[in-house]
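What the coordinates show
Here are the chains, one letter per residue:
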Amino acid sequence: MSLSIENLLGLEDVPQADINQIFDAAFSFREVLERPVKKVPTLKGTTVVNLFFEPSTRTKNSFALAEKRLSADTVNFSAASSSLQKGESLKDTIQNLCAMKIDLVVMRHPTPGSVKMLADFVNAVIINAGDGTHEHPTQALLDIMSLKEKFGQVQDLNVAIIGDIKHSRVALSNIYGLKTMGANVMLCAPPPFMPVSVEDLDVKVTYNVDEALEFADAVNVLRIQKERQASGLIPSLREYRNRFGITLERVASLQKPITILHPGPMNRQVEIDSAIADGENAIILDQVLNGVAVRMAVLFLLSGS
Amino acid sequence: MNFITKKTVTDSKMLGRMITRLSHEIIEKCKGIDNLAIVGIRTRGEYIAKRLAEEIENIEKTEVPVGILDVVMYRDDFRSKNKLPKLKVTDIPFDVDNKKLILVDDVIYTGRTVRAALDALTDLGRPASIKLAVLIDRGHREMPIMPNFVGKEFKTAPEEEIRVKVKEIDDKDEILLVEAKK
Amino acid sequence: MQKSTIKDKLLLKNGEMIDPCQEKIERQDILINDGKIEKIKAEIDAQDDYKVIDLKGLKIAPGFIDLHTHLREPGQEDAETIATGARAALAGGFTRVCCMPNTNPSLSTQESMRFIREKAKLVDIDVMPIASITIDRKGRELTEFGELAEVGAVAFSDDGNPVENSQIMRNALEYSKLVDKPIINHSEDQDLKNQGIINESIVSTTTGLRGNPTIAEEIMIYRDLRLAEFTGAKLHIPHVTAKGSVDLIRAAQEKGVRVTAEVTPHHLSLTDEYMHSFNTLGKVAPPLRSESDRQALVEGLKDGTIDAIATDHAPHTYNRKETSLDLAAYGMIGLESAFGLVMTKLVHEDQLSLIELIKKMTTMPAAIIDIELPCFKTGERAEFTLFDTDEWWVFNEKNIESRSSNTPFIGQELTGRVKKVIIGNKVIEI
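Residues numbered from 1 in each chain as written. Chains lettered and ligands numbered in written order. Predicted model: local features only at pLDDT ≥ 70, side-chain atom pairs only at ≥ 80, totals over all residues.

A few points about the overall build of chain B
Assigned secondary structure in chain B consists of four helices and eight strands. Going from N to C terminus, chain B has its helices and strands arranged as β-α-β-α-β-β-α-β-β-β-α-β. Since a compact globule built from 182 residues should have a radius of gyration of about 16 Å, the 16 Å found for chain B is in line with a globular shape. By principal-axis analysis of the C-alpha atoms, chain B measures approximately 50 × 40 × 30 Å. For chain B, the proportion of its 182 residues judged to be buried stands at 40%. Contacts spanning at least 24 positions in sequence make up 68% of the contacts within chain B whose residues lie at least 6 apart. (Helix = DSSP H or I, 4+ residues; strand = E, 2+ residues; numbered from the N terminus. Rg over C-alpha atoms; globule rule 2.2 N^0.38 Å. Buried ≥ 20, exposed ≤ 12 C-beta atoms within 10 Å, placed from the backbone. Contact = placed C-beta atoms within 7 Å.)

In structure tokens:
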């Protein structure tokens, strides 16, 4: 059993068989996470570099924990991209790392494509931990795994993604992953947050949140970045909440239960009401646990390639 | 790779007898079945473990807990192989602390799988003791590991392999000696 | 590249002469004496003291003119110099290039123009500077068009920066009538460009790269066309990329607006699909557009809306390109690969006839900047580019004479290749 991919740069080209394998392995690692000793020696002697060019708390911690649970040796390298602006080229940074004989690199960078560039230069396995507004494959995998856990299968599931789709790497990876797994996807956002020609990805598009909720078995609620208002894309957070927020009233008016996901961190009472985020149909904390398991699975399966 | 069968080592009938004999030996050596639990190593070990437990329950009229251990995460060779072994779930539905554990596998060869299994078991808690039961000991050990209960010792050449088939997944109970076709 | 100086009379035999001035192609022998055309005849017999070059299989055209070259000197000599840029031009068959003023210091003063002219005396090609429209290309105060034209400015441009303020643009166009030189405005509305890195399309959606919409170009072109009409001044639109822009220019030309336009070989050969590679070598301003835009550019060339092919040769050092896409510099080199690309994409795909193509690389750019082209007239200076229209080759690093090698065309298969350039009594083998 091996994955067909050598690096995890995004979900755009990852086949269903690979995703299923990652989920199978992730469910195995879930069992490890329930043990009193939550550690296995699987990646003993494997060196993983966590290369973060952008601040991250959740993803970084999740990867760090996954690596520790697998007994990998880890090196953390954080650099603001501003230091690169001062002259050192990304290639120099990458070649420097390469010379250290590492096995895996987990990389986050503010610019789309930077992770692919790393993969082109370095003889190591590369895992994308988010490249700008492009992809965030492990986040989408953990989202979809949580859906699979909840619903048994993802095929034919109706999933709505609501929020700032255009500036979201989570949304794009989810669209690719969900479509590969046979789900139906609807996107819901204010028009300036809807990416150009996104219908070409075989997704439904709406500006009406009630329509999205009506359609969906599950909704993935994206974080609204407060800077967007300042840059003139939407008039106010108040209007956003009124028009697009997953409010108690909206959910209560539905004639069905609806599963709630959120990649975090949440702006409570903006894109989602606390009562919904903490409610019985939210699987937001399962996502966090599955995040560690999925990352263990990806590290394990790619380290063997 | 294609394999040719060179010999039937044990047929279905003999395999049943082997299980019965091993069950008796286990009860005897462990001085009864208090705190006894059986853990099978995936994949074939799982089915052998369940049969041993069934047989012991028949003899002793008391239930024996059975768990399944997946040792892929503990193996030292997974990266040297061309293909990753498929990762499956470990399912041990009891507390291993202070248990007399019988670790079960179909064949013992180099001893590396058992080494990995011992690490995995000790990560799960602190058993009172661990004993090892196998159907076939085919020799060529690379680690100082000896099974406590052996169905049959069968000398093999390194290029040969022992195939244990169980009817639950292979339609048929039998043990074969096979060799890769050149 | 090998250069030799011919002391004797030079006889070019058996070449096929492509004359864009008279729009004819015919087999002619050409005799050159002391760098000047002495005789053009179907058959000229060789004499003992002639140096004879057999051009069998080759075509001979006037030297190419590039309206849009960045030579980087002064200021960024690590990327290119006038000397290295001139070699790159020769390698591409260009005997004259217009260099853009976005140097450091910029070409805003007579002094900086004189610096270029001094350096240009040392190279084989003609370097014709384009001066900036505003001082230091800041878009605020006009440069001295009259004084700058006097020292050789052939046009005015703040290339790289658009003139954003419409009043300044109006003034520039109006004032340019004094010297009757074209104003070349980099057409990208900076607000609408929205820090876009690639074309806004499904490709920007799936790569997550910031999109720069075609409307950013069209809006500014529309404004400039209206201002050109309003002022009656000469406007030249550089590196057109969008279908909408071609339509706007066509409509303006039909109304009689004095507008000309150019397109680059890279916008004719690549589309935004290239950016799926995330390769910084495909980052150019304006960006590579969609296939339908590319086709509209070809149509624009065919129906004459787009007058000229210009390279926008933009050398950058490795470290400005081998970085993440947001930090990488815009632009690619283009002189060396230009002819092969347009031959492959236009002539061999039956989009443009050879003579039409040659016009768009010789007489048309000459007309835009209002210079005399020697063409094939006796007594004129010899200034020819010789090429094989059917040679298949693979463009590679060895073909690059520029100090920089930022081009996505390494490894590109091309049909049509420049073989020699003749300037005066110098013969340069490419």
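So that's the structure; there's more coming.
Quick look at the interface of chain B and chain A
Chain B puts 17 residues into the contact, and the matching count from chain A is 17 residues. Residue classes in the side of chain B that touches chain A are distributed as eight nonpolar, two polar and seven charged. (Nonpolar A, V, L, I, M, F, W, Y, C, P; charged D, E, K, R; others polar.)

Concerning the domain arrangement of chain C
Residue and element names in this part refer to chain C. Partitioning chain C into domains gives domain 1 (2-60 + 378-389 + 403-429) and domain 2 (63-368). Using C-alpha coordinates to define each centre, domain 1 is positioned 28 Å away from domain 2. Opposite the 26 residues of domain 1 that make contact, domain 2 presents 36 residues. Those elements giving two or more residues to the side of domain 1 that touches domain 2 turn out to be strand E17 (383-394), strand E18 (413-423) and strand E19 (426-429). (Domains from an automatic or database assignment.)

Some points on the environment of Arg250 of chain A
Residue and element names in this part refer to chain A. Position of Arg250 among the secondary structure elements: in helix H11 (residues 248-252). A tally of 16 C-beta atoms within 10 Å means that Arg250 is categorised as partly exposed. Along the chain, Arg250 and Val298 lie 48 residues apart, while their C-alpha atoms are 37 Å from each other. Not counting residues within four places of it along the chain, the set of residues in contact with Arg250 comprises Val209, Asp210 and Leu213.

Considering the sheet that holds strand E2 (residues 73-78) of chain A
Residues and elements named next belong to chain A. In spatial order, the strands read E2-E1-E3-E4; together these four strands make up an open sheet with parallel pairing. Lying at the two open borders of the sheet, with one neighbouring strand each, are E2 and strand E4 (125-131). Within the sheet, the average angular offset between the axes of one strand and its neighbour, ignoring direction, is 15 degrees. In terms of strand pairing, strand E1 (residues 47-52) meets strand E3 (residues 104-109) through five bridges, oriented parallel. Paired with Phe52 across the strands is Arg108, a residue of E3. Most of the contacts of helix H2 (residues 58-69) go to E1, to which it runs at about 175 degrees, and overall it touches E1, E2, E3 and E4. (Pairing = 2+ DSSP bridges. Axes fitted to C-alpha atoms, helices over the stretch in contact; angles between N-to-C directions.)

Observations concerning unusual backbone geometry
That bond from Gly264 of chain A to Pro265 of chain A is cis: its omega, -10 degrees, falls within 30 degrees of zero. The phi dihedral of Arg137 of chain C falls on the positive side, at around 55 degrees, and the residue is not glycine. Its place among the elements puts Arg137 of chain C in the loop between strand E9 (126-129) and helix H3 (145-150). One non-glycine residue, Asp312 of chain C, lies in positive phi territory at about 50 degrees. Mapped onto the elements, Asp312 of chain C comes out in the loop between strand E16 (308-309) and helix H11 (318-321).

A short note on the nonpolar core
Residue and element names in this part refer to chain A. Membership of the largest hydrophobic core comes to 263 residues, with the highest contact counts inside it found for Ile162, Val219 and Ala297. With ten residues, helix H13 (residues 284-303) is the single largest residue contributor to this core. Apart from the residues lying within four places of it in its own chain, the contact partners of Ile162 are Cys188, Ala189, Val209, Ala212, Val219, Val221, Leu222, Phe244 and Ile246. (Core = buried A, V, L, I, M, F, W, Y, C linked by C-beta atoms within 7 Å.)

Remarks on the sheet that holds strand E7 (residues 64-69) of chain C
Residue and element names in this part refer to chain C. Spatially, three strands are ordered E7-E8-E9 in an open sheet, and the strand pairing comes out parallel. Only two strands of the sheet have a single partner each, and these edge strands are E7 and E9. Across the sheet, the mean angle from the axis of one strand to that of its neighbour is 20 degrees, orientation sign disregarded. Note that E7 and strand E8 (residues 94-99) share four bridges and pair parallel. When the bridges of E8 are listed, Thr69 appears paired with Cys99.

Some thoughts on the interface of chain C and chain A
Listed by partner, the interface residues are 17 residues for chain C and 23 residues for chain A. Among the elements that line the side of chain C that touches chain A, the one with the most residues is helix H6 (residues 202-207) of chain C, at four residues. Class assignment for the residues of the side of chain C that touches chain A results in five nonpolar, nine polar and three charged.

Digging into the arrangement of the chains
Summarising the chain contacts, two pairs of chains touch, and the pair with the most contacts is chains A and C. In this structure chain B stays clear of chain C, and the shortest span between their C-alpha atoms is 30 Å.

Structural notes on the confidence of the model for chain C
Within chain C, residue pLDDT values average 96, and 100% of them lie at 70 or more. The ipTM value of the predicted complex is 0.93, and its pTM value is 0.90. (pLDDT = per-residue confidence, 0-100.)

Observations regarding the pairing of E2 of chain A
All names here are of chain A. Relative to E2, E1 runs parallel, the two being bridged by six bridges. Paired with Thr47 across the strands is Asp73, a residue of E2. Crossover handedness for the path E1 to H2 to E2: right-handed. (Right-handed = clockwise from strand over helix to strand, strands pointing away.)

Concerning helix H1 (residues 82-91) of chain C
Residues and elements named next belong to chain C. Burial of H1 is extensive: nine of the ten residues sit out of reach of the surface. Ile82, Thr84, Gly85, Ala86, Arg87, Ala88, Ala89, Leu90 and Ala91 are the residues of H1 that are buried. Each element contacted by the buried residues of H1 is listed here: E7, E8, helix H2 (110-120), E9, E18 and E19. Positive phi appears at Gly93, one or two residues downstream of H1, with a value of about 85 degrees.

Observations regarding the environment of Leu148 of chain C
Residue and element names in this part refer to chain C. By the element assignment, Leu148 lies in helix H3. Residue Leu148 is classed as buried on the basis of its 25 C-beta neighbours within 10 Å. A sequence separation of 263 residues divides Leu148 from Gly411, and the C-alpha atoms of the two residues are 41 Å apart. Not counting residues within four places of it along the chain, the set of residues in contact with Leu148 comprises Gln110, Met113, Ala131, Thr143 and Ala153.

Focus: the packing of helix H6 (residues 137-151) of chain A against H13 of chain A
Each pair of packed helices can be described by the angle between their axes along with the distance between the axes. Residue and element names in this part refer to chain A. Viewed as axis vectors pointing N to C, H6 and H13 meet at an angle of 115 degrees, and their least axial separation amounts to 8 Å. Every pair of crossing elements has a handedness; the one defined by H6 and H13 is right-handed. Residues Thr138, Leu141, Leu142, Asp143, Met145, Ser146 and Glu149 of H6 form the contact with H13, whose participating residues are Asp286, Gln287, Asn290, Gly291, Val294, Arg295 and Val298. Residue classes in the contact of H6 with H13 are distributed as five nonpolar, five polar and four charged. (Left-handed = near helix turned anticlockwise from the far one by under 90°.)

Digging into the environment of Leu233 of chain A
All names here are of chain A. Note on placement: Leu233 falls in the loop between helix H9 (227-230) and helix H10 (237-244). Residue classification places Leu233 among the partly exposed residues on the basis of 16 C-beta atoms within 10 Å. Measuring from C-alpha to C-alpha, the distance between Leu233 and Pro190 comes to 9.1 Å, with 43 residues separating the pair along the chain. Those residues in contact with Leu233 that lie beyond four places of it in its chain are Pro192, Phe193 and Arg228.

Things to note about the packing of helix H4 (residues 90-98) of chain A against helix H5 (residues 114-121) of chain A
Residue and element names in this part refer to chain A. Contact geometry for H4 and H5: axes closest at 10 Å, N-to-C directions at 50 degrees. One finds that H4 runs oblique with respect to H5. In the crossing of H4 with H5, the sense of the turn from one axis to the other is right-handed. On H5, the residues that touch Leu90, Lys91, Ile94, Gln95 and Cys98 of H4 are Ser114, Met117, Leu118 and Phe121. When the residues that make up the contact of H4 with H5 are grouped by side-chain class, the tally is six nonpolar, two polar and one charged. (Parallel < 35°, antiparallel > 145°, perpendicular 65-115°, else oblique.)

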